[in-house]
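Take a look at the letters that make up each chain.
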Amino acid sequence: MSAGGGVVTTVDPNLKRPYSNQVNVGYEQEVFSGVKVGVNYYYRGIKNQYAERNLANLPSDYTATTVDNMGHPFVNSVTGQPITLYNLASAKVGLSNYLITNIPGLNTNHYNGVELTVEKQMSKGWQVLAGYTLQKQQGTYRRGLTDDFNNPNNEINRNNATLNYDATQMLKILTSYTFPKSFNVALNYQHYTGYPLDPNNGPPTAVFENLNQGQVSVIGEQIGKIRLPNVDLLNLRFSRPTHLGDRFTLEPIADLFNITNANTVISEVPTGGNSFRQPTNQLNPFIARFGLRFSF
């Protein structure tokens, strides 16, 4: 059985413009000569976000079920556990009347972050800039304007989700030292906890067949429970400027990227099945780059 019809999309005449509330509070103090420490707090909340509701398919038009139309039980391919889905009434299949409107549930979306910094100004040929961030971005997952907030299948694992590129902890250290005869060494180290699966390709997704409305894709696990591996990245730079007269400087530079040759996975297949969590991207391997800078 199939049904079809034109897709109708209208805009809520009472649609409100999205806005954000932001709070930034910081304190910085010099603790030693040329050494400053600081702490900063960041909050951001977004209100009046909008998405679609299909007014032709109301939540009451769906029936909870643990088996498909063939009588086969639903098994979540992400967790391996049974799952309850929602079958659309046959008479409502193919009907579309989308309304772009504000979604109150999206008002829970927010970001909280605390950042600690240490800065040592250049003295005796040495400088340091370091920062540690503890953060969380959480709320209700939104699929953009292709979403349907009237479809209860879309509500599965939607709430209390970790959003976007949320690395709960980040550490960055930038330091350089000038040895005798103007030989410079600079170090750049980064550490951050793995992003939720998968910021590039979507959340952990389970796909099901044989419902009245056809194929159904749901969030198979609460976003943030499955994370990519932590990332540690270390880069070095060596350089030595040579002054040629009063105006010119010649500086050979050697950059060493990912000197530990870490092959950390930074992207995985998010869809449940045989290829679930198979790596799709890794850190670039160790790379050496040599250059010559001429300044005048």
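Residues numbered from 1 in each chain as written. Predicted model: local features only at pLDDT ≥ 70, side-chain atom pairs only at ≥ 80, totals over all residues. Heavy atoms only, no water.

1. Things to note about the side chain of D148
Right, so step 1: In this fold, D148 is placed in the loop between β9 (126–139) and β10 (161–162).
Right, so step 2: It is R53 that comes nearest to the buried, bridge-free D148 among opposite-charge side chains, at 6.4 Å.
Right, so step 3: In this structure the side chain of D148 is engaged in a polar contact, spanning 2.9 Å, whose partner is the backbone nitrogen of N54.
Right, so step 4: For D148, the side chain forms a polar contact with the main-chain nitrogen of N150, separated by 2.9 Å.
Right, so step 5: Apart from the residues within four sequence positions on either side, D148 is in contact with E52, R53, N54, Y62, Y98, N154 and R158. (Helix = DSSP H or I, 4+ residues; strand = E, 2+ residues; numbered from the N terminus. Buried < 20%, exposed > 50% of the residue type's maximum accessible area, 1.4 Å probe, protein only. Lys, Arg positive; Asp, Glu negative; His and termini not counted. Salt bridge = Lys/Arg side-chain N within 4 Å of Asp/Glu carboxyl O. Polar contact = N/O pair within 3.5 Å; in protein donor to acceptor, adjacent residues only side chain to side chain. Contact = heavy atoms within 4.5 Å.)

2. Some remarks on the pattern of salt bridges
Right, so step 1: If you walk through the whole model with that rule in mind, you get eleven salt bridges.
Right, so step 2: K36 is paired through a salt bridge with E28; the nearest N and O atoms lie 3.8 Å apart.
Right, so step 3: K92 is the salt-bridge partner of D61, the closest N and O atoms lying 3.0 Å from each other. Separated by 31 residues along the polypeptide, D61 in the loop between β4 (50–54) and β5 (62–65) and K92 in the loop between β6 (85–88) and β7 (98–102) bring together distant segments of the chain.
Right, so step 4: Using a relative accessible area of 25% as the deciding quantity, one classes K92 as partly exposed.
Right, so step 5: Salt bridges here are not isolated pairs; linked through shared partners, they connect R143, D147, E155 and R158.

3. Brief notes about the confidence of the model for the chain
Right, so step 1: On average, the chain scores 93 in pLDDT, and the residues at 70 or more come to 97%.
Right, so step 2: Across residues 1–6 the pLDDT falls below 50, and counting only partners more than four positions away or on other chains, this stretch makes six contacts in the model. (pLDDT = per-residue confidence, 0-100.)

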